[in-house]
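Observations on the model geometry
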Amino acid sequence: MPPASRPPAPDLPPEAEVVVIGGGVVGTSAAFHLAEAGVRVLLLERDELASGSTSRAAGGVRAQFSDPVNIALGQRSLEAFERFAQRPGGEIDLAQHGYLFLLDHADDVAAFRESVVLQNELGVPSRMLDVAQACALSPYVAPDGLLAAAYSPRDGHCTPEAVVAGYAAGARAHGATVRRHCPVTGIDVVDGVITGVATAHGRVRTGTVICAAGAWSAAVGELVGVSLPVRPLRRQVLVSEPVPDLPARLPFTIDFGTSFYFHDEGAALLMGMSDPDEEYGFRLERSDAWLGRFAEVVARRAPALSELGIAHGWAGLYEMTPDHNAVVGEAPSVSRFLYATGFSGHGFLQGPAIGEVLRDLVLGHTPVVDVSALDVARFAARFAGQGHRPEHNFV
């Protein structure tokens, strides 16, 4: 970037009660909920708000999970998305057209049946469908090989950048300081206690740090000697050209066996699929290597979409943990270092509830959702083979 166009150095306050590292949905949600509770918050983002994984998310919001903690986080976040225009304020283009999981393996059908029973017990209006019902909801789907489907009408999708903008504006309105283009370079620790945060533009005194750095969280944890087992994995997304006669309430449709998915994106379709050959790393450039496999799946599961032209696309990073579940908690080895990361594709949709949880943990209150099972300690050697909490409904 030419020197004349560099953003000005951010003006930092001398101190803050809490410093949040990361300006995606988790960080801005935490900043909003803390500021609303009267806490003096400083949010630090090394680039632009939502410029990491949040802006590259597919935007899905759901409560259809297999882990009761994820169900609760998804459900509470859905409630927040539904009320977003009132609190914190802003239009997020929420489209609750449902989530539809297409199932072509007997083991997956059995697992989803169990999940639906649990979801219903926790208040989620999900249900199992036969193949004909699934194809009626999502007309592009070819029934060949399908055995059943799972559907919840309350789920849907919204605009990630708008959610971040709303939380950031709400945080500022409650007195939080939000600073962009301010990378964190160190965290000061004296006798096991955090005393400040060092940035490229100066130091800020604080006693509490929240790591909400997404795929970059492992490096933040290293600053205080806390191991966060988070690794970045590239995912790619495509957006089609405008689609004639696009169904009015097309659900977010996922071919669970292949991870191929699509949902409406204005007058077009947003589509994606995981690449089993993708290796961990911070690559964000687009690649065509996966497109052959993608085209084969589309031709089999939604053949009408094979004829669509592609208008544009992008690549983003999943923040992966070994069991595809987040790590949320507070480190016992250094006071006070909190973390919320490793959501493995679920960070955007759980962001509202996680912000509330972090507020409660900072204030010493009982969290609105019990996330103690997501503590990073579950990956310690002494818990090997018994502490992991694998999430089955992972895409």
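In what follows, the accompanying structure is described. Here the residue numbering is sequential within each chain, running from 1 through the sequence in written order. Where local features are concerned, this predicted model is filtered to residues with pLDDT of at least 70; where side-chain atom pairs are given and counted, the filter is 80 or more; whole-chain, interface and lining totals use all residues. Side-chain descriptors were evaluated using all non-hydrogen atoms of the structure, hydrogens and water having been removed beforehand.

1. A few points about the pattern of salt bridges
Salt bridge, as used here, is a side-chain nitrogen of Lys or Arg placed within 4 Å of a carboxyl oxygen of Asp or Glu. Evaluation of the coordinates by the stated rule reveals 16 salt bridges. We note a salt bridge from Arg 293 to Asp 275, for which the minimum N-O separation is 3.2 Å. You can see Arg 293 sitting in helix α8 (residues 291–301) and its partner Asp 275 sitting in the loop between β16 (268–272) and α8, a full 18 residues away along the chain. A relative accessible area of 33% means that Arg 293 is categorised as partly exposed. Each residue's exposure class comes from its accessible area (1.4 Å probe, protein chains only) as a fraction of the maximum for that residue type: buried when under 20%, exposed when over 50%, partly exposed otherwise. Relative accessible area serves as the criterion here: at 16%, Asp 275 is assigned to the buried category. Among the salt bridges present, the one from Glu 278 reaches Arg 283, with a minimum N-O distance of 2.8 Å. Owing to a relative accessible area of 27%, Arg 283 belongs among the partly exposed residues under this scheme. A cluster of three or more residues bridged by salt bridges with shared partners is formed by Arg 234, Glu 278, Arg 283 and Glu 285. In this text, helices come from DSSP runs of H or I with a minimum length of four residues, and strands from runs of E with a minimum of two, each type numbered from the N-terminal end.

2. Describing the packing of helix α1 (residues 25–36) against helix α6 (residues 160–173)
Across the interface, α1 lies against α6 with an axial gap of 8 Å and an inter-helix angle of 30°. Between α1 and α6, the angle falls in the class roughly parallel. Crossing geometry of α1 relative to α6 is assigned as left-handed. In contact with Val 25, Thr 28, Ser 29, Ala 31, Phe 32, His 33 and Ala 35 of α1, α6 contributes Val 163, Val 164, Tyr 167, Ala 168, Gly 170 and Ala 171. When the residues that make up the contact of α1 with α6 are grouped by side-chain class, the tally is nine nonpolar, four polar and no charged. With axes taken as lines fitted to C-alpha atoms, and helix axes fitted only over the stretch in contact, angles between N-to-C directions fall between 0 and 180 degrees. Between 65 and 115 degrees an angle is taken as roughly perpendicular, under 35 as roughly parallel, over 145 as roughly antiparallel, and anywhere else as oblique. Each crossing gets its hand from how the near helix is turned against the far one by less than a right angle, where anticlockwise is left-handed and clockwise is right-handed. Contact criterion: two residues are considered in contact whenever any of their non-hydrogen atoms come within 4.5 Å of each other. When residues are grouped by polarity, Ala, Val, Leu, Ile, Met, Phe, Trp, Tyr, Cys and Pro land in nonpolar, Asp, Glu, Lys and Arg in charged, and all others, Gly among them, in polar.

3. Description of α6
Helix length check: α6, at 14 residues, gives a terminal C-alpha distance of 20 Å against a target of 20 Å (1.5 Å per residue), a fit within 8%. Listed as buried for α6 are Pro 160, Ala 162, Val 163, Val 164, Gly 166, Tyr 167, Ala 168, Gly 170 and Ala 171. Lining the buried residues of α6 we find α1, α2 (68–82), α3 (85–89), β8 (177–179) and α9 (347–363). Downstream of α6 by a residue or two, Gly 175 has a phi angle that is positive, lying close to 100°. To estimate the expected span of a helix, count its residues, drop one, and scale the result by 1.5 Å.

4. Brief notes about the environment of Pro 232
Relative to the assigned elements, Pro 232 resides in strand β13 (residues 231–240). With 110 residues separating them in the primary sequence, Pro 232 and Gly 342 have C-alpha atoms 9.1 Å apart. Sequence-distant contacts of Pro 232, defined by excluding residues within four places in its chain, comprise Ala 215, Tyr 280, Gly 281, Phe 282, Leu 317 and Tyr 318.

5. Remarks on the nonpolar core
In these notes, a set of buried Ala, Val, Leu, Ile, Met, Phe, Trp, Tyr and Cys residues joined through side-chain atoms within 4.5 Å is what counts as a nonpolar core. Residues Val 26, Leu 73, Val 163, Ile 210, Val 328, Ile 354 and Val 371 are the most contacted members of the largest nonpolar core, which totals 52 residues. Secondary-structure elements contributing two or more residues to this core are β1 (18–21), α1, β2 (41–44), α2, α6, β19 (337–341) and α9. Residues in contact with Val 328, not counting those within four places in the same chain, are Tyr 339, Ala 340, Phe 343, Ile 354, Val 357, Val 371, Leu 374 and Asp 375.

Distances and angles like these do not, on their own, reveal function.
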